[in-house]
Amino acid sequence: MIEVYAPASIGNFAVGFDALGAALAPIDGTLLGDVVAVSPAQNDEFICSGEYAHKLPSDASENLAYQCLVHFREHVAPTMPSVKLELKKNLPIGSGLGSSACSVVATFAALDKFADTKLSQVQLIELMADFEAIVSGGRHYDNITPCYLGGLQLTGDLIPNKSIALPVDESWYYVAAFPGFSLNTAKARSVLPKELTMHASVEFAQRLSAFSTLLLTSRFDEALSIMSDEIAEPYRAPLIAGFNEAKLALPDLGAEIVSISGAGPTLFTVCKTLAAAQQCAQWLEQNYINEQGFCHICKLDNAGTRQL
Ligand SMILES: Nc1ncnc2c1ncn2[C@@H]1O[C@H](COP(=O)(O)OP(=O)(O)O)[C@@H](O)[C@H]1O
Ligand SMILES: N[C@@H](CCOP(=O)(O)O)C(=O)O
């Protein structure tokens with residue numbers, strides 16, 4: 001049997017709408033992501049289990065992981081023996097943690113290993129992005145590549161091999177708080193303006209290029225000082241109950257920045273110390289999340305998708 005884990009991710013990472021994303025590893029060792037297990041079987045079989053399985057359509061044909069299996073058999077490995085594919089759906093749907101990307105990445109990575117198809121990194125990333133695009137209302141790589149490769153990734157069609165890893169300050173902590181309600185990514189994309197002004201476009205380009213360069217030259221504090229989302233956050237914040245209050249409160253508790261993870265409603269902070277991250281997590285647990293929500297203090301997951 002092949003069992004593959006794919007981690008949750010923060011799309012956009014505030015400064016890089018659709019172009020920057022980071023994989024998350026809770027410091028308490030929780031595996032915050034989906035797992036896909038592939039084993040030989042008499043006929044192709046699909047099972048969806050895990051904490052959030054009941055939130056997905058009961059019809060397998062509407063499950064992205066099953067759709068990936070059908071595609072893989074038809075177009076990538078027609079001679080692969082029959083398999084039982086089990087998706088352990090551990091990430092909430094519509095959470096802003098790259099849940100759909102997680103299932104797609106884990107499934108293709110597991111099938112590629114099982115069938116020994118040895119797809120190239122770019123082939124796999126393109127396949128994965130095709131399926132992520134089906135549900136999210138746009139083709140973007142900022143969950144796919146960090147989830148697959150780990151770390152912080154600058155990513156897109158213009159980037160050689162689709163992705164370049166960027167360094168971060170190893171001392172940074174990331175607090176990710178899922179408030180316990182869903183926000184559909186396609187809906188959260190539909191509220192964004194269809195066009196940017198010349199001024200906004202130039203500022204976006206400056207901010208992302210400066211941020212990337214500052215990280216690459218280890219000027220981490222200066223990178224943090226320009227880490228803000230002027231592209232999506234102003235339009236999405238009204239869709240997320242409690243976000244504005246959290247954005248006001250958390251800097252006093254030590255958050256260097258507070259922004260929306262992916263399309264939301266998960267919120268994330270960057271903190272320079274564990275004590276600050278703990279204070280932010282405590283506030284978020286008391287004021288931002290409901291009984292279905294959760295909060296994790298994280299580092300980046302530098303391993304990305306891996307066999308368990
Ligand atoms: N395995 C899967 N994982 C996540 N979403 C799935 C899966 N299969 C189908 N879907 C559907 O895809 C959509 C994902 O919603 P979206 O808001 O894009 O989630 P996320 O932002 O968490 O990736 C939902 O309508 C969900 O029912
Ligand atoms: N760049 C995308 C990221 C969506 O992330 P998700 O975790 O909400 O699916 C966007 O901002 O729409």
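What you see is a predicted model, and the numbers here were worked out from it, not measured in a lab.

Basis of the calculations
- Residues numbered from 1 in each chain as written.
- Chains lettered and ligands numbered in written order.
- Predicted model: local features only at pLDDT ≥ 70, side-chain atom pairs only at ≥ 80, totals over all residues.
- Heavy atoms only, no water.
- Domains from an automatic or database assignment.
- Contact = heavy atoms within 4.5 Å.
- Buried area = accessible area lost by both parts, 1.4 Å probe.
- Salt bridge = Lys/Arg side-chain N within 4 Å of Asp/Glu carboxyl O.
- Near = heavy atom within 4 Å.
- Polar contact = N/O pair within 3.5 Å; in protein donor to acceptor, adjacent residues only side chain to side chain.
- Areas by Shrake-Rupley, 256 points an atom, 1.4 Å probe, with all protein chains shown as cover.
- Helix = DSSP H or I, 4+ residues; strand = E, 2+ residues; numbered from the N terminus.
- Nonpolar A, V, L, I, M, F, W, Y, C, P; charged D, E, K, R; others polar.

Draft legend 1. Seen up close, the domain arrangement of the chain. Assigned domains within the chain: domain 1 (2-166) and domain 2 (173-299). A C-alpha centroid distance of 23 Å is found between domain 1 and domain 2. Contacts between the two partners involve 35 residues from domain 1, matched on the other side by 42 residues from domain 2. Note on domain 1 versus domain 2: buried area summed over both sides is about 2800 Å², and carbon and sulfur give 68% of it. By the criterion of area lost to domain 2, the three top residues of domain 1 are Ala14, Val15 and Phe17, representing 24% of everything that side buries. At the boundary of domain 1 and domain 2, one finds one salt bridge.

Draft legend 2. The arrangement of the site of ligand 1 in detail. The environment of ligand 1 is made up of 17 residues, and the closest members are Leu64, Gly94, Ser99, Ser100 and Thr185. Within the side chain of threonine 185, an N or O atom sits 2.6 Å from an oxygen atom of ligand 1. Coverage of ligand 1 by the protein amounts to 88% of the 550 Å² it exposes when considered alone. Ranked by residue count, the leading element in the shell around ligand 1 is helix α2 (residues 99-115), at three residues. Broken down by class, the residue content of the shell around ligand 1 amounts to seven nonpolar, eight polar and two charged.

Draft legend 3. Focus on the site of ligand 2. Around ligand 2 sit 14 residues in total, of which Asn12, Asp18, Gly98, Arg189 and Arg236 are the nearest. Residue threonine 185 places a side-chain N or O atom 3.1 Å away from an oxygen atom belonging to ligand 2. Of the residues that make up the shell around ligand 2, three or more belong to each of domain 1 (2-166) and domain 2 (173-299).

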